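In case you want the letters, here they are:
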Amino acid sequence: MTTYKRETLTELRARLSAQLKAHADGLKSDPQANPVKRLAYDISREVEDRSIAFRDIEALVKQLSDEAAIDRARRLRERAGLDRIDALRASISAVSQAKAKEGWDAFKAWAEAPASGIVLTAHPTFSLSRDIRNTLGDIASAKETPTASVDALKTFPYLPKRAPTLLEEHEDTQATLTRIQAALDTLNQIVLRVAKAKFPNQWTALTPHLADAYSWVGYDIDGRTDISWGDALRLRLSEKRDQIARYLEQAETLTANGANLSALAERLQDGLISARRDLTLFETNLNAPENLVAAANNLTRQSDRRLLSTEGLSTILDQACETASDDLALDILTLKARMKAFGLGTARIHFRVNARHINAAMRAAFGLKDNTSDQRTLLRRATEMTLATTARPVNFASLALERSTAHEKMILSAQIYKYIDSETPIRLLIAETEDSLVPLGALYLAKLYGLEDHIDISPLFETSDALNNGGRIIGKMLENPAYRDYVKARGVFAVQTGFSDAGRFMGQLPATLAIERVQSQLASELAKADMSDVTAIVFNTHGEGLGRGGHPGTVGQRVDYAMSPYAIRQFEKRDISLRHETSFQGGDGFLWFQSQALSDATVLSLIDARFADRTEAENDPFYTERDFSWDLYRTIQNAQEKLYDDPDYVTILGGFGQNLLIPTGSRAVKRAKSASGADTFDPRQLRAIPHNAILQQFGCPANLFYGVGRAASIDPEKFDNLLENSARAQSIFQLVATTMCRTNLSILTSYGRLFDPGFWIARALSGEEPMLADRSAIVADTLMTSPWRSQIMDLTNRLRLDVLDTRRRFECQSSSGEVLELLHALRLAVVMKMMILATELPVVSDSETSRLSVLQRLQTFQIDGIIDDLESRYPASKPSLDWTRQLTEQTDLPDSSGFPHIADEIIKPLSRARDLARQITVAVTHHYDAFG
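Note that the structure is a prediction, hence the values are computed from the model and not measured.

J.: Quick rundown of the packing of helix H4 (residues 85-100) against helix H8 (residues 166-198)? Include the residues and the values.
T.: Interhelical geometry of H4 versus H8 gives an angle of 40° and a closest axis separation of 9 Å. By the angle between their directions, the pair H4 and H8 is classed as oblique. Both H4 and H8 take part in a crossing whose hand is right-handed. The segment H4 lies against H8, with Arg-89, Ile-92, Ser-93, Ser-96, Gln-97 and Ala-100 engaging Thr-186, Leu-187, Ile-190, Val-191, Val-194 and Lys-198. Looking at side-chain class alone, the contact of H4 with H8 contains six nonpolar, four polar and two charged residues.

Right under this line is the structure:
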């Protein structure tokens, strides 16, 4: 047995880095050598001969994770704009002053028309605990990395014990919204100060409202069935309670400072008492009829205390301004602006359903069949029915007894409108909309429940068909007399685009360009329909990960990527008011607002970017050389579509990759399970977050880079000129450049080698590990029928051919490559340890716990099920049975038994190895600034 002197963590890391470099140098003599796999083998050998203690590997992984997290936080500081916060304030003030030159009326119209929106969602990206997110927020907020935060980070485990609950996600959302509200106050005060300076006799008549904040946390039921109407109503009532309490606190502070707001404080106190009672009654078990009746009757009764709008409150604030000093008036108007933006909630809410929910609800009414869409005859009939529809009365019995998802959400919206908040609009997002009949069906339901003046219907374009036909769908919506009348009356036309899901249908870069086309088509269709007086709401939904539309640059670059200056220019030149909304998804998205300093910087950066000058956008070579740009689009899209049909690509998205992931949200994630290790599914059906997360874990975000090399080779010189001279091309391909810094196809092939029987046979025959020879041979024999290695190698070769041209244009300047290679080598060594441990299991056992079965299941990393099954089959001890003591025949054998050897020597080490493998999963995500 080889024995090394016990190393410090620094010495261990330095030695492994040196070994990795030596293996990399071996590429000069053998270009097929794999440094990551060779280092993994080195580590595995030293683990087996006890030269490296497992606890040292755990400590090294923690150190590498902490360093990556700190680097991520420092990047976040720069991206949010914290280092230029004073310049951001000055820039927004300058924009306000420029608008003021147009006169009071124009300035007031501009300042009171929301142009931006921040949408918080509960996408499952809560891979980091609150403690870690708060610590990263502290690190990002400080000019210099604070030692106390670094020390605190060392004490926090990365691996979550369980997925967060919906309630915990809602709590995180509310904490984030608290900071966003304060940041919007800062924004509003910048505008008010300009108004005071430029319009000293009129400024108190201004209520700035440049941006809104939204949330669908607790209101999104697309793809989930665990959120009841009672859950949503309780959350909405809690938000009303909290917001009234916030207003009350501000009113009391202003009163103490001399403002004449005692009447406001009294009214808010009454409203708070009422809101608390309303919530308390709905927090009971609503499945009990007596509880539901009591809660409903309380909420629907007339009450002088209950607040249903802020209209009367604004009047009191206006009166207080008349007698207040300028400084006090500024604070009063800031509170009034907050009330205007938020109403009786902590954010405006988005309900989200799926198109199939609407179709199911309208199947009988519209006469829908499985193969019908927006055919002319069907549209005519549906239009006539929608125009003729009148509102029907509903109550809480209607809500409790309704079984249709779409009807239920409409009834719930009606009850919120009538009894909780009668002034703040509700958005209805409809996922996977692919024709104009779906939003028309939603309008029918809105009219049926008296909501057409209060709800904004927003189809989501995210599938390939929807994006390719988006302009036609919008045109049909605007041609429809029922929908046209509705839009005119509401004054808004809302759409949503889905970068994240579109990326899994057609690749991220083609999806981005297809979305840009739909955005531009919306402007032209509104103008064609003579609706320039309508506000266009474009909600661009994207994640934080590169493969889901998250731009790696600053907030301003993020805004320009999601909705290009060219697309925004299409609205500006047609004089169509535009509200551009963008998502911040789950725990990763909330990091942008993790501290008040970060919130201020992020919000001000969003607004600064929204009002940037775009007059020259159409002169960008990306648009003047449109034919070449579309050649790039078509080539990349075609390559991506072929990739998704490649069975080898399906392999890496299968069980092994899926089961490496950790629980990151309340939305259920089903882990792949196959006794044989085989996985067959369409990658387009895999949710976008795990899709991207798996690619990250293999070091090959192919849905971003694949096809780019082929597209560039169409005309290399023209492509290089485009990259040099086009701001839009630079914005788009910056994702590719960043991705290439985190792409290492040797990492992917090393996972192929892991399940290569040839590797294990060679290990058995090497003579270097005589004690492992038999066990290595057992592993090799199990892997003989596995296609994993050949599929991974074939896929890698395909990707490498394309990457060859890509790397020539996108040189990587990142230093994170070595750390990622170390992390993957460590994880590969850990999985090798699992395989070796499994060879010690009994050959004959239950079907799920035999040696062969466990080794096969490890090929798809079904480690959770393996450990559960082993713990059930081989407990360390079994409790004695009472009846055995009643036997008259005696024995000297113990009356209880178990399998302590298997429990201690196999099951516990497997559990420890599982946790370490998944800790590395989290460490890898830091290098991508997001989970998935």
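J.: With reference to specific residues and values, describe helix H1 (residues 9-25).
T.: Look at H1: 24 Å from first C-alpha to last across 17 residues, which is about the 24 Å you get at 1.5 Å a residue. Taken residue by residue, H1 has Leu-12, Arg-13, Arg-15, Leu-16, Ser-17, Gln-19, Leu-20 and His-23 as its buried positions. Buried positions along H1 lie against helix H2 (35-48), helix H3 (54-80) and helix H41 (817-838).

J.: Describe the sheet that holds strand E1 (residues 116-121), and please don't skip the residues or the numbers.
T.: Taken together, eight strands build a closed barrel; the order of strands is E1-E2-E3-E4-E5-E6-E7-E8 and the barrel is parallel. Each adjacent strand pair in this sheet contributes to an overall mean axis angle of 25°, direction not counted. Pairing analysis gives two bridges linking strand E5 (residues 455-461) to strand E6 (residues 492-498), with the strands arranged parallel. Looking at E6, one finds that Phe-461 is bridged to Thr-497.

J.: Can you explain helix H10 (residues 262-282)? Please cite residues and give values.
T.: In this model H10 runs 31 Å from its N-terminal to its C-terminal C-alpha over 21 residues, within 8% of the 30 Å that 1.5 Å per residue would give. Those residues of H10 that fall on the buried side of the exposure criterion are Leu-264, Ala-265, Leu-268, Gly-271, Leu-272, Ser-274, Ala-275, Asp-278, Leu-279 and Phe-282. The elements touched by buried residues of H10 are helix H9 (229-256), helix H11 (289-300), helix H12 (311-323), helix H13 (326-342) and helix H16 (396-401).

J.: Before we move on, could you go through the nonpolar core and cite the residues and values that matter?
T.: Judged by nonpolar contacts, the single largest core of 293 residues is most densely connected at Phe-493 and Phe-733. Contact partners of Phe-493, with chain neighbours within four places excluded, come to Ile-474, Met-477, Leu-478, Tyr-483, Val-487, Leu-522, Leu-526, Val-534, Thr-535, Ala-536 and Ile-537. With five residues, the next largest nonpolar core counts Tyr-214, Trp-216, Leu-429 and Phe-539 among its residues.

J.: Break down the environment of His-170 for me, with residues and values.
T.: With respect to the helices, strands and loops of the structure, His-170 is situated in helix H8. With sequence-adjacent residues up to four places away left out, His-170 is seen in contact with Val-217, Leu-235, Ser-238 and Glu-239. One polar contact links His-170 to Glu-239, side chain to side chain, over a distance of 2.7 Å.

J.: Pulling in residues and values, what's your account of empty space enclosed by the protein?
T.: Here the structure, examined in full by the defined rule, presents eight cavities of 30 Å³ or more. Estimated volume of the largest cavity: approximately 100 Å³. Forming the boundary of the largest cavity are Arg-72, Ala-73, Leu-76, Arg-79, Leu-136, Glu-544, Asp-588, Leu-591, Trp-592 and Asp-929. Of all the elements, H3 adds the most residues to the lining of the largest cavity, at four residues. In the lining of the largest cavity, the residues fall into five nonpolar, no polar and five charged.

J.: Can you explain the environment of Leu-279? Please cite residues and give values.
T.: Considering the arrangement of structural elements, one finds Leu-279 in helix H10. Residues Leu-279 and Thr-739, 460 residues apart in the sequence, show an inter-C-alpha distance of 47 Å.

J.: Lay out the pattern of salt bridges in plain terms, naming residues and giving numbers.
T.: All told, the structure shown has 53 salt bridges when counted by the stated rule. Salt-bridge contacts for Arg-236 lead to Asp-421; the nearest nitrogen and oxygen are separated by 3.2 Å. Remark: Asp-421 occurs in the loop between helix H17 (405-419) and strand E4 (426-431) and Arg-236 occurs in helix H9; sequence separation between them is 185 residues. Asp-421 shares its class with Arg-236; the two are buried. With a closest N to O distance of 3.7 Å, Asp-756 and Arg-753 form a salt bridge. Relative accessible area serves as the criterion here: at 23%, Arg-753 is assigned to the partly exposed category. Salt bridges linked by common partners bring Arg-130, Arg-133, Glu-171 and Asp-172 together as one network.

J.: Describe the packing of aromatic side chains, and please don't skip the residues or the numbers.
T.: One pair of aromatic rings is described through two measures. These are the centre distance and the angle between the planes. Overall, the coordinates contain 32 aromatic pairs when judged by the stated rule. An angle of 45° between the planes, with centres 6.2 Å apart, marks the rings of Trp-229 and Phe-396 as tilted. You can see Trp-229 sitting in helix H9 and its partner Phe-396 sitting in helix H16, a full 167 residues away along the chain. Of the two residues examined, Trp-229 and Phe-396, each falls in the buried class.

J.: Tell me about the side chain of Gln-637, residues and numbers included.
T.: Tracing the chain through its elements places Gln-637 in helix H29 (residues 626-644). Sequence-distant contacts of Gln-637, that is, excluding residues within four places in its chain, are made with Met-506 and Pro-510.

J.: Can you tell me about the side chain of Ser-127, naming the residues and giving the values?
T.: Checked against the element boundaries, Ser-127 lands in the loop between E1 and helix H6 (130-141). Look at Ser-127 and you get buried, because its relative accessible area is 2%. Other than its neighbours up to four places away in sequence, Ser-127 contacts Tyr-158, Pro-160, Asp-588, Ile-662, Thr-664 and Phe-931.

J.: Explain the confidence of the model for the chain residue by residue, including any values.
T.: Any region with low pLDDT has predicted coordinates that should not be read closely. Looking at the chain as a whole, its pLDDT mean stands at 93, while 96% of the residues score no less than 70. Counted against residues more than four places away or in other chains, residues 670-680, with its pLDDT under 50, gives 27 contacts.

J.: Report on unusual backbone geometry, specifying residues and quantitative values.
T.: Even without being glycine, Arg-50 reaches a positive phi, approximately 65°. Here Arg-50 lies in the loop between H2 and H3. Judged by its relative accessible area of 69%, Arg-50 falls in the exposed class. Of note in the backbone geometry, Phe-861 takes a positive phi value of approximately 50° without being a glycine. For Phe-861, a relative accessible area of 0% gives the class buried.

J.: Run through the pairing of E5, naming residues and quoting values.
T.: Among the seven residues of E5, seven are classified as buried, and the element is accordingly described as predominantly covered. Both faces of E5 are covered, namely the face carrying Ile-455, Ile-457, Pro-459 and Phe-461 and the face carrying Asp-456, Ser-458 and Leu-460. Note: E4 against E5, five bridges, orientation parallel. For Ile-430, the partnering residue across the bridge sits in E5 and is Pro-459.

J.: How would you explain the pairing of strand E3 (residues 348-354) if you had to name every residue and give the values?
T.: Taking burial as the measure, the seven residues of E3 include seven buried ones, the bulk of the element. Side-chain alternation along E3 places Arg-348, His-350, Arg-352 and Asn-354 on one buried face and Ile-349, Phe-351 and Val-353 on a second face that is also buried. Of the pairings in the sheet, the one linking strand E2 (residues 211-215) to E3 comprises two bridges and is parallel in character. If you follow Ser-215 over to E3, its bridge partner there is Ile-349.

Rules used throughout
Residues numbered from 1 in each chain as written. Predicted model: local features only at pLDDT ≥ 70, side-chain atom pairs only at ≥ 80, totals over all residues. Heavy atoms only, no water. Axes fitted to C-alpha atoms, helices over the stretch in contact; angles between N-to-C directions. Helix = DSSP H or I, 4+ residues; strand = E, 2+ residues; numbered from the N terminus. Parallel < 35°, antiparallel > 145°, perpendicular 65-115°, else oblique. Left-handed = near helix turned anticlockwise from the far one by under 90°. Contact = heavy atoms within 4.5 Å. Nonpolar A, V, L, I, M, F, W, Y, C, P; charged D, E, K, R; others polar. Expected span 1.5 Å × (residues − 1). Buried < 20%, exposed > 50% of the residue type's maximum accessible area, 1.4 Å probe, protein only. Pairing = 2+ DSSP bridges. Core = buried A, V, L, I, M, F, W, Y, C linked by side-chain atoms within 4.5 Å. Polar contact = N/O pair within 3.5 Å; in protein donor to acceptor, adjacent residues only side chain to side chain. 1 Å grid on protein atoms, 1.4 Å probe; cavity = no way out; pocket = protein on both sides within 12 Å on 5 of 7 lines; lining within 4 Å. Points joined across faces, edges and corners; volume = space filled by probe spheres on them. Salt bridge = Lys/Arg side-chain N within 4 Å of Asp/Glu carboxyl O. Phe/Tyr/Trp six-rings, centres within 6.5 Å; stacked < 30°, edge-to-face > 60°. pLDDT = per-residue confidence, 0-100.

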